[in-house]
Every structure is written in structure tokens, then in C-alpha cells.
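# Remarks on the overall topology
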Protein chains: 2
Amino acid sequence: MWVPLSLRKLIETLKKLPGIGERSAERIAFHLLKRPDELESLINVLEDAKESLTFCSICHVITDADPCPICTDPTRDSDVVCVVERPQDVFLIEKSGFYHGKYHVLGGVISPLHGVSPDDLYIDDLVERIKKEGIKEVILALSPTIEGDTTSIYIKEKLKGMDVKITRIARGLPTGIDLSFSDALTLKEAIQGRREL
Amino acid sequence: MWVPLSLRKLIETLKKLPGIGERSAERIAFHLLKRPDELESLINVLEDAKESLTFCSICHVITDADPCPICTDPTRDSDVVCVVERPQDVFLIEKSGFYHGKYHVLGGVISPLHGVSPDDLYIDDLVERIKKEGIKEVILALSPTIEGDTTSIYIKEKLKGMDVKITRIARGLPTGIDLSFSDALTLKEAIQGRREL
């Protein structure tokens, strides 16, 4: 079959993106080729992202200034650091707008299955920050999965003996979800974590 | 919420692609930012597509050479032209490998609902080609939809009085599909279009 090489390479590259299969890659390629303006602007934003985005050398979030605006914001509470897995978790928490402390992105969670050991994560780096910045509370905001829990426990062990409070975000029923949709483990955690009204 | 501008623009632009929602756009953006090599190669293939791909001035398929390799191939049957809606339909038919005539891409189908009139399509252009190239058969390979059928009928009217055979691709059951999955209209077309064994 004859297909122009540039088109074939474009489809192959798009196919490697998460959630994009062969059909979607083809649809996106033809969509862009029919719209030179959109193709041009996609190239521009990708170039721009490549040029201007980096990781904050303190908290490891994606940023266009290093250190990032959160790390350098003097109005934010520097006593508290919220530990998350990925940069996008920072944006997610920022979106809700109620948290005013600092962040620390681990860059993943411990997962022997996927070959991720504690050394691959910014954990030692977190220990350093706590010492240097005089952080008083570490909020562990990792996913409630086996990997997330393992990582939380590992960090707790790492911080043993240090003068820092370690908390974990609450588990329970998500707001707006009917009780009947909840699984047994979540219900158990919700009941154990009950609070007086 | 603070999110770097370049990141926000990247997500917004990705969201405009077909089949990409907010969540997918975010996933793709973070995927690329974590992998500078992939980001670089995506920019390169997009640049390359922008620079080297164009539409064939004869059949209107996407090509890296104008006229395209099919239009200039002397071994292909120039008596037959297969009329399709989009460039990708050409690649689809080429993939099956059994057709050896020429093509003509209309660039769409007549659709008053979407504001597509015959003047927006390469129909007059097709008439010119038939005259100039001495084409003997026009195979209409449009989708079996109301718009596709309307376009086929319009083209048939346009070619009235010209010395050219007009055919339409067969309708019936797709190979490998159980009879019970077929709808009544397809079954009707399949029975009407029956062939002697």
C-alpha cells in the first residue's frame, strides 16, 4: 500500500501517545492535515512547552520558572508540605483552592512490579527539605492503593525520630456518592475515620 | 489555580483534536513533558507533515509529491476512476490491494445540514477529468448514508449524456458477520443484490 512516508510517521508517532490507538491516530492526522492553522498552532504550543517548561528543583512540579511560583510564594504556609505522586496532583489540589502550604512531588510511588525503588523517587530529597526548611507537618496525599500505602509507610519510617508530624489524607465516601455504590473496604475506612458532628 | 501558561495552552490545544477530552489532553501533555525525546519527535513529525504533505492537484489525495504516485503510475488502469469522500478512503482501498484504477477524492459529501453544497466538492473537477482523461468507468465508493447516496445521485445526474459507465460499490453483509447482527435494510440490499453461485 502506498501512503506518504511523512503521513505514516505522523500516525505512528501519534499512536504512541497514551489512550491513542490506530484509528484515533489516523483521525487526528487527517484532521490536522485538513486544517493547516491547527497543525501550526499544535506545533507552536509543543515547541513552547518544550522551551519553557521544566521541573522545579525544590518541589519537582512542572513549572515555567525555577523555583516554581508556589515554592517562592512568601504568603504560603511553609510549615506544611503536601507529598504527592505526580506534578498533575499539585494542579488538582491547587484547583480546589483550599490548601495553602507547600508541595513535594515524589515522581512516582514504590512499585517493585514496575521496577520503581525508593531511590528512583525524591524521598531523600524530602528528608533534606524537612531538615533545611524546618517543615512541621508532612501530609501524605498518595493514592489509596497498595503502592501508595507502601510508599507512605516507607516515608513514615524514613522520618522516624525527626521532629515532624506525619498525616495521611482521609479515606471515606466521596461526596455525592450513594452509600450503596461504596465497597466494603471504603465503608470500613469511613466508619473507622468517623468524626463527631 | 496556578498552572504554567505553556502547559495550559498545550492542554487546550490538545483538547481540540478529535476524540480528545480534557482528561486525555492532560494525560498526553504530562506524558510528553515527562519524555522530552517523545515530545521532540512529535514536533519533528508534525513539522515534517506540514512541510512535505500536500493535496494532489489531480485526484486530491494527500501526497508528498504532486501529482501523486497513483496519478502518475503508468501501470495503473486509467480507464477507471474510483470516487471517494476523503483522502483516507484512498489509503483504505489501497490497503486491500486489489484495485488498480485511479482515484478521485471529492473532499466531502453533499450535506445541506452541514452547509456542504456540490460547489464545495470536486465534482466539476471530476467531470473535467472524465472528458480530458477519457475515463470509461466511474465507481462511486461513498458511504451508504443519506448524504453519500444524495451525492452519488447528484454525480450520476451530472454525468448524464456522457459516454461513461457509472457503478456503485455493492451493499450487503460484511464478511464474517453473523446474519442475526444484520439490520433489515442491509438484509434487503443483500437479497436484492444477490449473485448466482
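Cut-off values and rules
- Residues numbered from 1 in each chain as written.
- Chains lettered and ligands numbered in written order.
- Predicted model: local features only at pLDDT ≥ 70, side-chain atom pairs only at ≥ 80, totals over all residues.
- Helix = DSSP H or I, 4+ residues; strand = E, 2+ residues; numbered from the N terminus.
- Rg over C-alpha atoms; globule rule 2.2 N^0.38 Å.
- Buried ≥ 20, exposed ≤ 12 C-beta atoms within 10 Å, placed from the backbone.
- Contact = placed C-beta atoms within 7 Å.
- Pairing = 2+ DSSP bridges.
- Axes fitted to C-alpha atoms, helices over the stretch in contact; angles between N-to-C directions.
- Nonpolar A, V, L, I, M, F, W, Y, C, P; charged D, E, K, R; others polar.
- Expected span 1.5 Å × (residues − 1).
- Arc of directions from axis to C-beta.
- Parallel < 35°, antiparallel > 145°, perpendicular 65-115°, else oblique.
- Left-handed = near helix turned anticlockwise from the far one by under 90°.
- Domains from an automatic or database assignment.
- Least-squares fit on C-alpha atoms with pLDDT ≥ 70 in both.

With that out of the way, let us pick up the overall build of chain A. Helix and strand counts for chain A come out as seven helices and six strands. Its helices and strands in sequence order give chain A the pattern α-α-α-β-β-β-α-β-α-β-α-β-α, from N to C terminus. For 197 residues, the compact-globule estimate of 2.2 N^0.38 gives 16 Å, and the C-alpha radius of gyration of chain A, at 22 Å, exceeds that figure by more than 25%. Evaluated residue by residue, chain A yields a buried proportion of 26% over its 197 residues. The contacts in chain A between residues at least 6 apart in sequence include a share of 44% that link residues at least 24 apart.

Our next topic: the sheet that holds strand 5 (residues 137–140) of chain A. Residues and elements named next belong to chain A. The four strands lie next to each other as 4-3-5-6, forming an open sheet whose pairing is parallel. Looking at strand neighbours, the two that pair on one side only are strand 4 (101–105) and strand 6 (165–168), the edges of this open sheet. Direction aside, the axes of adjacent strands within the sheet are offset by 25° on average. Here strand 3 (residues 77–84) pairs with strand 4 via five bridges, running parallel. By the bridge assignment for strand 4, V83 is matched with H104.

Right, let's get into the interface of chain B and chain A. Across the boundary between the two partners, chain B contributes 46 residues, which contact 46 residues of chain A. Of all the elements in the fold, those that place two or more residues in the side of chain B that touches chain A are helix 1 (5–15), helix 2 (22–34), helix 3 (36–52), strand 2 (62–63) and helix 4 (87–96) of chain B. Examining the composition of the side of chain B that touches chain A, we find that 13 residues originate from one element, helix 3 of chain B, more than from any other. Split into classes, the residues belonging to the side of chain B that touches chain A amount to 24 nonpolar, ten polar and twelve charged.

Before going further, it helps to examine the environment of T186 of chain A. Residue and element names in this part refer to chain A. Secondary-structure assignment places T186 in helix 7 (residues 184–192). Placed 113 residues apart in sequence, T186 and D73 show a C-alpha to C-alpha distance of 36 Å. Not counting residues within four places of it along the chain, the set of residues in contact with T186 comprises R171 and L173.

Residues and elements named next belong to chain A. Backbone torsion omega between D66 and P67 reads 0°, so that peptide bond is classified as cis. The phi dihedral of H60 falls on the positive side, at around 70°, and the residue is not glycine. Within the secondary structure layout, H60 lies in the loop between strand 1 (54–55) and strand 2 (62–63). Overall, H60 belongs to the buried group, with 22 C-beta atoms counted inside 10 Å.

Let's shift gears to helix 6 (residues 146–158) of chain B. Residues and elements named next belong to chain B. Under the 1.5 Å per step criterion, the end-to-end length of helix 6 is 18 Å for 13 residues, consistent within 8% with the ideal 18 Å. Three or more residues of helix 6 are buried, namely T151, S152 and I155. The buried residues of helix 6 occupy an angular sector of 100° when projected down its axis, which confines them to one face. Exposed residues pointing more than 90 degrees away from the buried face of helix 6 are listed as I146 and E157.

Right, let's get into the sheet that holds strand 4 (residues 102–105) of chain B. Residues and elements named next belong to chain B. Taken in spatial order, the four strands make up an open sheet running 4-3-5-6, and their pairing is parallel. Looking at strand neighbours, the two that pair on one side only are strand 4 and strand 6 (165–168), the edges of this open sheet. In this sheet, neighbouring strand axes are inclined to one another by 25° on average, regardless of whether the strands run parallel or antiparallel. Where strand 5 (residues 137–140) and strand 6 come together, four bridges link them in parallel fashion. Within the sheet, the bridge partner assigned to L140 lies in strand 6 and is R168.

For the rest of this paragraph, the subject is the environment of T150 of chain A. Residue and element names in this part refer to chain A. Along the chain, the position of T150 falls in helix 6 (residues 146–158). On the basis of neighbour counts, which here come to 16 C-beta atoms within 10 Å, the residue T150 falls in the partly exposed class. Sequence spacing of T150 and V109 is 41 residues, and the spatial spacing of their C-alpha atoms is 8.2 Å.

Geometrically, a packed helix pair is captured by the angle between its two axes and the distance between the axes. Two elements in contact, helix 1 (residues 5–15) of chain A and helix 3 of chain B, have axes separated by 9 Å at closest approach and are oriented at 150°. Relative to helix 3 of chain B, the element helix 1 of chain A is oriented roughly antiparallel. Judged by the sense of rotation from one axis to the other, the crossing of helix 1 of chain A with helix 3 of chain B is left-handed. Contacts from S6, L7, K9, L10 and T13 of chain A in helix 1 of chain A reach S41, L42, V45, L46, D48, A49 and S52 of chain B in helix 3 of chain B. Of the residues contributing to the contact of helix 1 of chain A with helix 3 of chain B, the split by class is six nonpolar, four polar and two charged.

Here we come to the domain arrangement of chain A. Here chain A is described as being made up of domain 1 (5–52) and domain 2 (76–168). The C-alpha-based centres of domain 1 of chain A and domain 2 of chain A are spaced at 35 Å.

Here the two chain copies are tied together by a rotation about an axis and a shift along that axis. Superposing chain B onto chain A takes a rotation of 180° plus a shift of 0.1 Å along the axis, which leaves an RMSD of 0.1 Å. The operation mapping one copy onto its partner corresponds to a two-fold rotation axis. Within chain B, I43 of chain B has its C-alpha nearest the rotation axis, a separation of 3.0 Å. The fraction of interface residues of chain B whose copies in chain A are also interface residues reaches 100%, indicating that both copies meet through the same surface.

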